[in-house]
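# Chain and residue survey
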Amino acid sequence: MCNRVGIVLSLLLFLSLESRDCSASSQYDAVNKISLNTVQGWAVKLGTELYHFGEFITRKKEVQDSFKSAQIESRDGEKLVQSMADDIRGMMELKISAVKRIVEAAENMAFDKQNEPVPEDYQFYNSKEMEDLYEDLSMTTTPEPEFNMENWIIRPPSKNAHLLQNPHFSNIPVNINFSSVHVPTNVYAWATEVIKGIHWSEGLDTHFMNNYQSDPTLSWQYFGSSTGFMRHYPAMKWRADPVDIYDCRTRAWYMEAAASPKDVVILVDRSGSMTGQRRDIAKHVVTNILDTLGNNDFVSVMTFADTVEEIVPCFEDSLVQATLANLRELKLALDNFETNEIANFSAALTRAFELLEIYRNNSGGANCNQAIMLVTDGVPYNYKELYERYNWKYDTPVRVFTYLIGREVADVREVKWMACANRGYYVHLSTLAEVRERVLEHVNVLARPLVLQREKHPVVWTPVYANVTDPKVADYLWEQRERAEQKERFMSQRRDKVLFNSEKEQNRRWKITQMKQGQYSELGNSRYQLMTSVSMPVYDLRHNEMRIARLLGVAGTDVPLSEIQALMTPYKVGVNGYAFMVTNNGYILIHPDLRPVFQQILKPSYNSVDMIEVELFDDDRSPRNFSKELTALRKEIIDQKTGNKAMNVKYHMDDMKRVGRGKKHYYWTGISDSPFTLVVTIPENYGRHRITPPPTDDIHRLSLTSKNISALQYLSDNWSVHPDWLYCRHYERTFSTPEEELLYFLERVAKPGWRWPAKPRPPEHHKNKGHERHNEGTLEARERKSSNPPPRNEYYCDHGLMQALVYDARNTAWFNKSISESASDEKAAEFIQRFGYIVAFLATHSGLTRWQMHPPKEHNDKPQFGKQWPRAIDEVWYRRAVEQHGVDPLSYVYSVDMSTDRSPLNVSAAVVTAAHAVFHGDGHRKAPAAVVGFQFKHERLSEWFENITSSCEHNKCVTCMNNNWECYLVDNNGWVIVSKETKHTGQFFGKIRPDIMMKLVEDEVFKTVHIVDYQAVCFREKKTTNPATMLLTPLENLRLIMVWILSTTMWFYNSITVGLSQASSYPFDYVAYQNYENDDETDDPNVSKPPPRILERDFEKLVLINRTRPTPCDREMYLYQLDYKNLDEKLNKPAKECERPFYAQVVNYTNMLLVVVDALCSVKEGVMLPSIDATEVQYNESLPCLKHMHPLYRKQPTSCIRNHTEESNVQMCGRGCLIQQSIILIISCLILVLNLFT
């Protein structure tokens, strides 16, 4: 019994001890937990202190009071878009008027002077050869080859000129007193027709200069001749880096003006006889034909032997639009076709005629000219029955152009007949050098109806293009960059092979490659100037005695897109609103999100970015699955109708790292007599109204009535204006900065006699019919008449913008005072001492930016705030602050620079930017007037955050200083602003704690927004092998034997040398590899202990890069946005151990979220958080194929001139190759000599 009692007592004692241990453990857990109330207290305290500091440092209340007298005006989108369209149309009329004067002058001069003999000592300004005093030796030009030939004809050298840099012409050294001539590399300047054209066109200088005098906004003016030369004004030294491949006849402004749009089917003979050089010439012919096509043309390329096949299979039985991307696809596919079997011409021609007939009957494609280009080395007969069936019975709608390839051609009659009988042209080609010149003949043939009618000169506006380089150079520049990278890798490996081959170094290089290929910031855009051009054809007005309808060339002028953008009055559109322009094809001409440059190289399809690829509608559809509502809106815009519509949209900011969503109103109207439509986009809420100064505040009147008061006194130190906006522009003076130019005009406005300039309008242009224009008196009389240009305005000003700017400057002039002077708050010194160096800034809706530094710094190497961020309403912090006002009117938007693999953030030098929108209202209406803000060192915010989160109400509590807890400040897009780990600053929170971010997304605290970049660039592996074989002749075999002997000898010599160098560790200089793509067995003597030879080959492969080719593609990413709807309810939840190991609370008066995470709960594996990094969208087809299979609506050009009754009188329809002509001449001479001796 006693034993039982003892056992029971022992058990009770054990249970009591166990109970005490459990209670102690639970008390310990409670002590080591952070409560929700504590986190809420931290968020409230941090937000409140930041708010009061922001109010003090930015003087927000004083800024609000500064706009009390301003008026609120409703923003009428329909009137706004119509007013902009009128201004743009007026500017376009000025350009068209200038081109018309050039056309008229050129036609009259050619009529009068075309047959005048050219003096033997004639000199002209050759753009490539003339010298200037400001020659930059770092720029390369195409050197002329030196010929050492007896009896070589000496030609007069080019005239030389003094050139001066001109800001109006992109700071290029020019001479505005005359023009100069560019002659393509493949054109001989002293050929008879070429030099004649250069000679008579010299008289255009007077008209160029008069145009520039009457309209000082004119950019480059030019006349491109059908013989190849281009006379451009002003004169300049032509610079081509690396080579000059420019030919005006292949530029869009020339091609589209020279002939109406066209549907082209190119048939390439791939029979067994088309091998070797013939195949190469055929490919070159097709490439050059494709280079003469533009966005309004359609093309199909087929190869034929026994069967007819599309060169790109997905383009089968269709014509594709001749965009840069489609043409590139066709050119790349040319490398793949093989030659075999026998050519079936009947099947090929039938297929081409039937395809063109389908498009003709359905009014598809270009719906104008149609042509078949036949590239072959001979035909068995002329296939007359096919032409009778498919072409002649329809009045010959299809022209046939034939390109006969090869020197050993016995009979050309059939091939030539096929072209002549079908309104085409025949060319015989035997060398690659003559291809370009001969292929361009078809442009003159297609231009015949235009020339014969003589009445109409169609006005052509081109799509957007870059002035600096040819699109074909982009691939070359990328290849050069990869070659430089390959060279660097070889040199690095030779210096230290062990280090280079190490896993760490290979990972580092792999990251660099990924960073380059994932780059989205368009650096280097300043190198390119985007523009459009207006051009018109120039006709030969001589009577058709020779039965030749000749196109003299094309005249035109460039219009920089920046000039059009200045007329879009962005200050009237307001913050987060914008205007853009669309072409008849639906492609973007101007748009703030047009990104044509990638790593300082033009993107492969930069000028065919569609409107719906830029305007991202918020409909959660998959990539390229555009809604019917969107395509209907696009169609109305392309059709140049006038209308408006509200749509939900999503948009990206900050280098595609932030996202916004909202409702925007679209207003659009067509610009008459052009293919363009103007669209204005305005945000839903704050975009409805705008701030305007009172009508009594006229600058000029106030300056005259207020003695000793000038607008200049309101602009002292630390201010800037929007560099891209047109306040006032002087046409005859240059200024170093926009601020200097503005001060000049403010001084002029204050003087008596000031008049606001009227909008420029073009002078009346008298149109005369046909060739009768040359009878308007003598040529000298016409030149005297043209030498008196209309008076020109010295300057232009935007009255409304200047008025708004001066109003803002006057009412915010007090901002220049030091805060310590104007502040009565006792905490002023404490705040400034606590935060150290601070910059307070103010940016207004008129583009004015002011800033103050506290304490002032006299010397600072870092650029001042207004110089780094001068674009006011276009800056990201301005845009985000205005958006945040709709969420919380008292809120400040905080941000730091982002830290990515591509550009890691230097946290020690990082600054925090806080911005707050100031709105002005008159009761029921309000509008954004300005944004105030401040910048301070990131380390100060970290200290502040640490002080607050390291304290609590109780003496014994857990804070963020505990190693078991991690605390973050995360902004409303998920980017870390403050963390205990400084390396996390600026990183995306989802990469640090993907499990916590995923939980926040599941709780709908953050929303994922799917963004697709339709302007992306991807990298396709480039094949470097050549499948062609070489014909082995006896001499070739002998050469191979000698190469083998020499290489074996060198190998033996190098083996001995390497062995000796390894033994003595003797250093050596780098020797560049040749043909390193195939050099897998090269040894490196720098390695003291070389691995076995088998492993050596594997290591050598590490040094080789994968050759790539930039290719247009789509990339998608998932960005994040804080969802403020019922946010408190979503966040006020307790932590549940590792199931929900965190608290999250909004920091009052900010856009930040305080996230407190239990570090004892490790990061969960396998969490698939949608990535913010852009990844390529994988389609079943290539992107060009996908676009072709889902075509979008386009509006066909209105001008189409394809027939003329007199064309049947034109007899010139073919030309043989130069070699054949010379052979015929030699044979004729021999026959003549034999006859003389017999």
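Residues numbered from 1 in each chain as written. Predicted model: local features only at pLDDT ≥ 70, side-chain atom pairs only at ≥ 80, totals over all residues. Heavy atoms only, no water.

## A word on the packing of helix α23 (residues 738-749) against helix α25 (residues 799-811)
- Contact geometry of α23 with α25 gives a least axis separation of 12 Å together with a crossing angle of 95 degrees. Relative to α25, the element α23 is oriented roughly perpendicular. Judged by residue contacts, Leu742, Phe745 and Leu746 of α23 engage Met802, Leu805 and Val806 from α25.
- For the contact of α23 with α25, the per-class residue count stands at six nonpolar, no polar and no charged. (Axes fitted to C-alpha atoms, helices over the stretch in contact; angles between N-to-C directions. Helix = DSSP H or I, 4+ residues; strand = E, 2+ residues; numbered from the N terminus. Parallel < 35°, antiparallel > 145°, perpendicular 65-115°, else oblique. Contact = heavy atoms within 4.5 Å. Nonpolar A, V, L, I, M, F, W, Y, C, P; charged D, E, K, R; others polar.)

## Some points on the packing of aromatic side chains
- Considering all chains together, one arrives at 48 aromatic pairs under this definition.
- Plain terms: the ring middles of Phe841 and Phe865 are 4.3 Å apart, the flat faces sit at 15 degrees to each other, and that makes the pair stacked. With a gap of 24 residues between them, Phe841 in strand β30 (residues 838-844) and Phe865 in helix α28 (residues 865-868) connect regions that are remote in the sequence. Grouping residues by exposure puts Phe841 and Phe865 together as buried.
- Three or more aromatic residues joined by ring pairs form one cluster here, namely Tyr51, Phe53, Tyr892, Tyr894, Phe934, Phe936, Trp944 and Tyr1149.
- Taking NZ or CZ as reference, Arg360 lies 5.5 Å from the ring centre of Tyr394, over its face.
- The residue whose ring lies beneath Lys926 is Phe919, and the NZ or CZ to ring-centre distance is 5.5 Å. (Phe/Tyr/Trp six-rings, centres within 6.5 Å; stacked < 30°, edge-to-face > 60°. Buried < 20%, exposed > 50% of the residue type's maximum accessible area, 1.4 Å probe, protein only. Lys NZ or Arg CZ within 6 Å of the ring centre and 35° of its normal.)

## Description of the pattern of salt bridges
- Under the definition given, this model contains 45 salt bridges.
- The residue Asp377 makes a salt bridge to Arg278 at a minimum N-O spacing of 2.8 Å. Taken together, the residues Asp377 in the loop between β12 (369-376) and α11 (384-390) and Arg278 in helix α8 (residues 277-291) connect sequence positions 99 residues apart. Of the two residues examined, Asp377 and Arg278, each falls in the buried class.
- Residue Lys1130 is joined to Asp1123 by a salt bridge in which the shortest nitrogen-to-oxygen separation is 3.5 Å. Assigned by exposure class, Lys1130 and Asp1123 land together as buried. (Salt bridge = Lys/Arg side-chain N within 4 Å of Asp/Glu carboxyl O.)

## Topic: the sheet that holds strand β38 (residues 1108-1122)
- Taken together, three strands build an open sheet; the order of strands is β37-β38-β41 and the sheet is antiparallel. Lying at the two open borders of the sheet, with one neighbouring strand each, are β37 (1006-1021) and β41 (1175-1176).
- Looking at chain direction, β38 and β41 are connected through two bridges and run antiparallel. Residue pairing across strands places Glu1116 opposite Thr1175, the latter belonging to β41.
- Its contacts with the sheet put helix α16 (residues 473-495) on β37 and β38, and the angle it makes with β38 is roughly 85 degrees. (Pairing = 2+ DSSP bridges.)

## Section: the confidence of the model for the protein chain
- When the pLDDT values of the protein chain are averaged, the result is 82; 79% of them are 70 or greater.
- Predicted confidence for residues 1025-1030 stays below pLDDT 50, and this span has one contact to residues more than four positions away or in other chains.
- Throughout residues 1057-1097 the model reports pLDDT below 50, and contacts reaching past four residues in sequence, or to other chains, amount to 57 contacts. (pLDDT = per-residue confidence, 0-100.)

## Describing the environment of Glu613
- Turning to its location among the elements, Glu613 is positioned in the loop between β22 (601-602) and α21 (628-638).
- When the C-alpha atoms of Glu613 and Gln1015 are compared, they prove to be 7.6 Å apart, with 402 residues separating the residues in sequence.
- In this structure, Glu613 is in contact with Ser608, Arg624, Tyr1014 and Lys1187, ignoring residues within four places of it in sequence.
- In terms of polar contacts, Glu613 uses its side chain to reach the side chain of Lys1187, at 3.5 Å. (Polar contact = N/O pair within 3.5 Å; in protein donor to acceptor, adjacent residues only side chain to side chain.)

## Digging into the sheet that holds strand β31 (residues 848-854)
- Here we have six strands laid out as an open sheet, ordered β27-β31-β30-β34-β33-β32, and antiparallel in their pairing. Here the strands that pair on one side only, and so sit at the sheet edges, are β27 (719-721) and β32 (893-896). Ignoring strand direction, the axes of neighbouring strands in this sheet form an average angle of 20 degrees.
- As judged from the six bridges shared by β30 and β31, these two strands associate in the antiparallel manner. From the neighbouring strand, Leu842 faces β31, where its bridge partner is Arg850.
- Sheet strands touched by helix α2 (residues 36-58): β30, β31, β32 and β34 (926-937). Its angle to β34, the strand with the most contacts, is close to 105 degrees.

## Quick notes on the side chain of His1010
- Topologically, His1010 is positioned in strand β37.
- Judged by relative accessible area, His1010 falls into the buried class, the value being 14%.
- There is a polar contact of 2.7 Å between the side chain of His1010 and the side chain of Glu1116.
- Not counting chain neighbours up to four residues away, the residues in contact with His1010 comprise Arg621, Pro623, Lys650, Glu1116, Met1117 and Tyr1118.

## Structural notes on the pairing of strand β39 (residues 1142-1146)
- The element β39 is largely enclosed, with a buried count of five among its five residues.
- Here β39 shows no split at all, with Phe1142, Ala1144 and Val1146 on one side and Tyr1143 and Gln1145 on the other all buried.
- Alignment of β39 against strand β40 (residues 1153-1158), held across five bridges, turns out to be antiparallel. Considered in β40, the bridge of Tyr1143 is made with Val1156.
- Hairpin connection from β39 to β40: six residues lie between these consecutive antiparallel strands, with Tyr1149 at a positive phi of about 60 degrees.

## Observations concerning the state of the cysteines
- Counted under the stated rule, the structure contains seven disulfides.
- Put simply, Cys368 and Cys1200 are joined by a disulfide, and their sulfur atoms are 2.0 Å apart. Its S-S torsion of approximately 100 degrees makes the covalent link between Cys368 and Cys1200 right-handed. One end of the pair, Cys368, is in the loop between α10 (345-361) and β12; the other, Cys1200, is in the loop between α36 (1183-1189) and β42 (1214-1215), with 832 residues separating them in the sequence.
- The class of Cys1200 is partly exposed, set by a relative accessible area of 34%.
- The disulfide partner of Cys728 is Cys797, and the S-S distance across this bridge is 1.9 Å. Looking along the S-S bond of the Cys728-Cys797 disulfide, the torsion reads about 120 degrees, which is the right-handed sense. Here the residue Cys728 occupies a position in strand β28 (residues 728-730), and Cys797 occupies one in strand β29 (residues 795-797), the gap between them amounting to 69 residues.
- A relative accessible area of 7% means that Cys728 is categorised as buried.
- Take Cys797: its relative accessible area is 4%, and that puts it in the buried class. (Disulfide = S-S within 2.5 Å.)

## Some points on a nonpolar patch on the surface
- Together, Leu1038, Ile1041, Met1042 and Ile1045 make up a nonpolar patch on the protein surface, roughly 380 Å² of accessible area in all.
- With respect to the element layout, Ile1045 can be found in helix α33 (residues 1034-1064).
- Since its relative accessible area comes to 39%, Ile1045 is described here as partly exposed. (Patch = residues over 30% accessible without salt bridge, like charges linked within 9 Å, V, L, I, M, F, W, Y side chains within 5 Å. Areas by Shrake-Rupley, 256 points an atom, 1.4 Å probe, with all protein chains shown as cover.)

## Some points on the nonpolar core
- Residues Ile88, Met581, Leu678 and Phe1006 are the most contacted members of the largest nonpolar core, which totals 150 residues.
- With 16 residues, helix α4 (residues 77-113) is the single largest residue contributor to this core.
- One finds Ala43, Ala70, Val912 and Val918 within the second-largest nonpolar core, a separate group that totals 51 residues. (Core = buried A, V, L, I, M, F, W, Y, C linked by side-chain atoms within 4.5 Å.)

## Let's talk about the packing of α2 against helix α30 (residues 938-949)
- Where α2 contacts α30, the axes come no closer than 9 Å and their chain directions differ by 140 degrees. Comparing the axis directions of α2 and α30 gives the class oblique. Regarding α2 and α30, the two cross each other, and that crossing is right-handed. Where α2 abuts α30, its residues Trp42, Lys45, Leu46, Glu49, Leu50 and Phe53 lie against Leu941, Trp944, Phe945, Ile948 and Thr949.
- Looking at the contact of α2 with α30 residue by residue, the class counts come to eight nonpolar, one polar and two charged. (Left-handed = near helix turned anticlockwise from the far one by under 90°.)

## Quick look at the side chain of Thr959
- Within the secondary structure layout, Thr959 lies in the loop between α30 and β35 (965-970).
- Judged by its relative accessible area of 10%, Thr959 falls in the buried class.
- Apart from residues no more than four positions distant in its own chain, Thr959 is found in contact with Ile34, Trp42, Thr949, Ser950, Ser951, Cys952 and Trp965.

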